[in-house]
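Secondary and tertiary structure notes
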Amino acid sequence: MGGVVLETLSGKKLIALTVVLLILQLVCFLIGGLVAPSPNNAQVVLGTMCLDKGNHAHKQKWFYPRVSDPKKYTTCDRVKSLSDPKIEEMKIEAKDVVFAFQIPLPKEGKKLDMSRWFQNLISVLQVDVEYDEKNKLSDNPVMVLDAKLAYQNIGDKEDDWKLIAESSETRRMECDIDPDKMKNGHQYNCSMLPFFELGSCHHDYYLINIRIPVNEKKGINMGLGKIVDMWLITIHQNGGFTKVWFSLKTFMFPCLLGILAWFWRRITQMVRPPNLLERTLFALGLALSFLNLPLEWLTLAVNMPFMMLLGDIRQGIFYSTLLCFWIIFAGEHMMDQVERNRVVLYWKHLSAVAFGCICLFVFEMCERGVQLTNPFFSIWVTEVGTNLALAFIILAGIAACLYFLFLSYMIFRVFRNISAKKSALPAMSKARKKYYMGLIYRFKILMLATLLCAALTVIFFIISQVSESVWKWGDENSLEYTSAFLTGVYGMWNLYVFALLCLYAPSHKMMSSDITGDNSETNEEEVEFTRIPTEQSAITSMAQKAAVE
């Protein structure tokens, strides 16, 4: 990689560039820690039980618990529980009881509305089941839900709810209870059930109606126990965090695009064609620019339910390009007398990365791709789907850790080979020796920065795959660690690629005469330095000589 800016840039300028990048990296962490709030916010809504007395008119009717004028809008005949005497008197069947959820909840008597800054809406169900000797809960029962989802905007009539989706879904319940609490009135400990996921939060109000129909002949919803309440937990991106995130992307996009254009202009000015490392670095810059492209601003004006899927695809493209770049980046710095600058030499490693990314894409399409047409769909609802999803997450985490170990091994080999080159330094002039020692330290520091970036990227990937909601650190502290980590890693990606584009751009500078000496001496020393074999090849050469003798 002779002739790049990293080799010819003066020490003072390199230190200044490093200090500026470190300050910007610190700023990215502080923006997330001190300015941005928590990435996600949750809201818990208790379902209101409404009686449907309209002879199965629920197919056209909506049940909503909150109205401004109860005399004008009356759609919910409330009951406190399924054991309410009113149900027995009116001989109401289970399918005629509707659990209604209207979001968002009012606050301090004021009617609130959802914001498009929330970006997405994910929900889970929590079912409260009491122990009843006459109505016991069976082992791993399956609940069938008839669910409908609707929206309403500011200015619409209060009874004007527009359908988004309706579906009959099954959810497998996992409940347990302590043996000493198996008495009437005690509740089971039931796990949460995935419910629906919207890729956009474009409307002001949302309404969910749920029925639990019972059919003894077909065995539908039998053995569910005594259901007393149903809770809906909605999770959305925090509006304050969204504004910070959008601002970061809007700032990073033109900056990186400008340095990328400058880098490619430098490449095209060279007589030689671009080498493998330069082409891969340019591809990495394009992938990160695609990730930085602030398309999310459009969601504030246009309903884009596919934005979550598109965001995951963009991040997947960046991940795959970054992983491929690191392999080529470390391989091209081996200096082990093996022919380089050919992508075919890395086909095994790149094939493994490509296979992993394809698996990620297939998993993503099986989940969020289907949710574009049916937001109630979830791969976690069946036992097979749950096992596959868990296996995928575990394997993805293991693969990410193995990749980091492999990259660490490659960088270790780079360090070992660079150290082997030091044996040629004593034969050089003092100025030339000082120059090459500086180069060695520069490349080593850059490799360590690459390793640190890889470690944080792997951690970021594992966190995003497991679940962001469970990584809540320091809720009572003034510093929001989750937001700081997200904005810090995002800033690190941009600053890392920015630094590589600057340092690995071709340099047109010539070394001054006091450093290079005469041309003949320099050429001989350079040839001698590049011909020094690695430790392994030196041992092999000695063994061959011994065999000949």
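Residues numbered from 1 in each chain as written. Predicted model: local features only at pLDDT ≥ 70, side-chain atom pairs only at ≥ 80, totals over all residues. Heavy atoms only, no water.

This brings us to the overall build of the protein. A tally of helices and strands in the protein yields 13 helices and 12 strands. Counting over 549 residues, the protein shows a buried share of 45%. The contacts in the protein between residues at least 6 apart in sequence include a share of 82% that link residues at least 24 apart. When the accessible surface of the protein is split by element, carbon and sulfur atoms take 62% of a total near 28500 Å². (Helix = DSSP H or I, 4+ residues; strand = E, 2+ residues; numbered from the N terminus. Buried < 20%, exposed > 50% of the residue type's maximum accessible area, 1.4 Å probe, protein only. Contact = heavy atoms within 4.5 Å. Areas by Shrake-Rupley, 256 points an atom, 1.4 Å probe, with all protein chains shown as cover.)

Okay, the packing of helix H5 (residues 276–292) against helix H6 (residues 307–331) next. Helices that pack against each other are described as a pair by the angle of their axes relative to one another and the distance between those axes. One way to put it is that H5 packs onto H6 with a least axis distance of 9 Å and a crossing angle of 160°. It follows from the interaxial angle that H5 and H6 lie roughly antiparallel. Crossing geometry of H5 relative to H6 is assigned as left-handed. When H5 is examined against H6, the residues Leu276, Leu277, Thr280, Leu281, Ala283, Leu284, Ala287, Leu288, Phe290 and Leu291 are found in contact with a partner set consisting of Arg314, Gln315, Ile317, Phe318, Thr321, Leu322, Phe325, Ile328 and Phe329. Here the contact of H5 with H6 is composed, by residue class, of 15 nonpolar, 3 polar and 1 charged. (Axes fitted to C-alpha atoms, helices over the stretch in contact; angles between N-to-C directions. Parallel < 35°, antiparallel > 145°, perpendicular 65-115°, else oblique. Left-handed = near helix turned anticlockwise from the far one by under 90°. Nonpolar A, V, L, I, M, F, W, Y, C, P; charged D, E, K, R; others polar.)

Turning our attention to the sheet that holds strand S1 (residues 40–46). Strand order in the open sheet formed by 4 strands is S1-S12-S5-S10, with antiparallel pairing between adjacent strands. Pairing within the sheet leaves two strands with one partner each, and these edge strands are S1 and strand S10 (193–198). Shown here is a sheet whose adjacent strand axes are inclined to one another by a mean of 20°, direction ignored. The pairing of strand S5 (residues 121–130) with strand S12 (residues 226–237) spans 9 bridges and is antiparallel. Looking at the pairing, Ser123 lines up with Thr234 of S12. (Pairing = 2+ DSSP bridges.)

This part takes up the state of the cysteines. The final tally for this structure, using the stated rule, is 2 disulfides. In this model Cys50 forms its disulfide with Cys76; the gap between the sulfur atoms is 1.9 Å. On the S-S bond that ties Cys50 to Cys76, the torsion sits near -85°, and the link is left-handed. Of the two residues, Cys50 sits in strand S2 (residues 48–51) while Cys76 sits in the loop between S2 and strand S3 (77–79), which places them 26 residues apart along the sequence. Judged by relative accessible area, which is 0%, Cys50 ranks as buried. Residue Cys76 is classed as buried on the basis of its relative accessible area of 15%. The disulfide bridge from Cys175 ends at Cys190, spanning 2.0 Å between sulfur atoms. Where Cys175 bonds to Cys190 through sulfur, the torsion about that S-S bond is close to 110°, and the disulfide is right-handed. Note that Cys175 is positioned in strand S8 (residues 175–176) and Cys190 in strand S9 (residues 189–190), a separation of 15 residues in sequence. The exposure class assigned to Cys175 is partly exposed, which follows from its relative accessible area of 23%. Of the residues examined, Cys190 reaches a relative accessible area of 13% and is grouped as buried. (Disulfide = S-S within 2.5 Å.)

What follows deals with unusual backbone geometry. Ile103 connects to Pro104 through a cis peptide bond whose omega is 5°. Located in the positive-phi region is Gln119, a residue other than glycine, with phi close to 70°. On the secondary structure map, Gln119 appears in the loop between strand S4 (97–103) and S5. In this structure, Asn140 takes a positive phi of about 50° despite not being glycine. Along the chain, Asn140 falls in the loop between S5 and strand S6 (142–152).

Time to look at the confidence of the model for the protein. Low pLDDT marks stretches whose predicted atomic positions should not be read closely. With 83% of its residues at a pLDDT of at least 70, the protein reaches an overall mean of 81. By mean pLDDT, the top-scoring element of the protein is strand S11 (residues 205–211) (94), and the lowest-scoring one is helix H11 (residues 513–516) (37). This stretch, residues 510–549, has a pLDDT under 50; its non-local contacts, to residues over four places away or in other chains, come to 41 contacts. (pLDDT = per-residue confidence, 0-100.)

Once that is clear, we can look at the nonpolar core. In this structure, Phe325, Trp326, Phe329, Trp493 and Tyr504 are the most contacted members of the largest nonpolar core, which totals 71 residues. The element that contributes the greatest number of residues to this core is helix H10 (residues 481–503), accounting for 12 residues. In terms of nonpolar packing, the next biggest core, distinct from the first, is built from 42 residues, Val45, Met114, Leu149 and Leu198 among them. (Core = buried A, V, L, I, M, F, W, Y, C linked by side-chain atoms within 4.5 Å.)

Further remarks concern the packing of aromatic side chains. The description of an aromatic ring pair rests on the distance of the ring centres and on the angle between the ring planes. Under the defined criterion, the tally for this structure stands at 20 aromatic pairs. Through a chain of ring-to-ring contacts, the aromatic side chains of Phe318, Tyr319, Phe460, Phe485 and Trp493 assemble into a single cluster. Of note, Lys148 hangs over the ring of Trp62, and the distance from its end group to the ring centre comes to 4.1 Å. (Phe/Tyr/Trp six-rings, centres within 6.5 Å; stacked < 30°, edge-to-face > 60°. Lys NZ or Arg CZ within 6 Å of the ring centre and 35° of its normal.)

As a packed pair, H6 and helix H7 (residues 347–371) sit with axes 10 Å apart at the nearest point and diverge in direction by 170°. As far as their axial angle goes, H7 and H6 are roughly antiparallel. Judged by residue contacts, Met308, Leu309, Asp312, Ile313, Ser320, Leu323, Cys324, Ile327 and Ile328 of H6 engage His349, Leu350, Val353, Cys357, Phe361, Glu364, Met365, Arg368 and Gly369 from H7. Class assignment for the residues of the contact of H6 with H7 results in 12 nonpolar, 3 polar and 3 charged.

Glancing now at the sheet that holds S11. Spatially, 6 strands are ordered S3-S2-S4-S11-S6-S7 in an open sheet, and the strand pairing comes out antiparallel. Each edge of the open sheet is held by one strand with a lone partner, namely S3 and strand S7 (162–172). Pairwise comparison of adjacent strand axes, ignoring direction, gives a mean angle of 30° for this sheet.

Turning next to the pattern of salt bridges. Scanning all chains against the criterion turns up 12 salt bridges. For the salt bridge of Glu130 with Lys226, the shortest nitrogen-to-oxygen distance reads 3.9 Å. Taken together, the residues Glu130 in strand S5 and Lys226 in strand S12 connect sequence positions 96 residues apart. By relative accessible area, which is 27% here, Lys226 ends up partly exposed. For Arg368, the salt bridge is made with Glu197, and the minimal N-O distance between the two is 2.9 Å. (Salt bridge = Lys/Arg side-chain N within 4 Å of Asp/Glu carboxyl O.)

So, about H10. Its 23 residues give H10 an end-to-end C-alpha distance of 31 Å, which sits within 8% of 33 Å, the value for a rise of 1.5 Å per residue. Of all the 23 residues making up H10, 21 are buried; the element is thus mostly covered by neighbouring parts of the structure. (Expected span 1.5 Å × (residues − 1).)

Here the focus is H7. Along its 25 residues, H7 runs 35 Å from first to last C-alpha, staying within 8% of the 36 Å computed at 1.5 Å per residue. Of all the bends in H7, the largest measures some 35° and sits at Met365. Buried residues of H7: Leu350, Val353, Phe363, Glu364, Glu367, Gly369 and Gln371, and no others. (Bend = angle between axes of the 7 residues up to and from the residue.)

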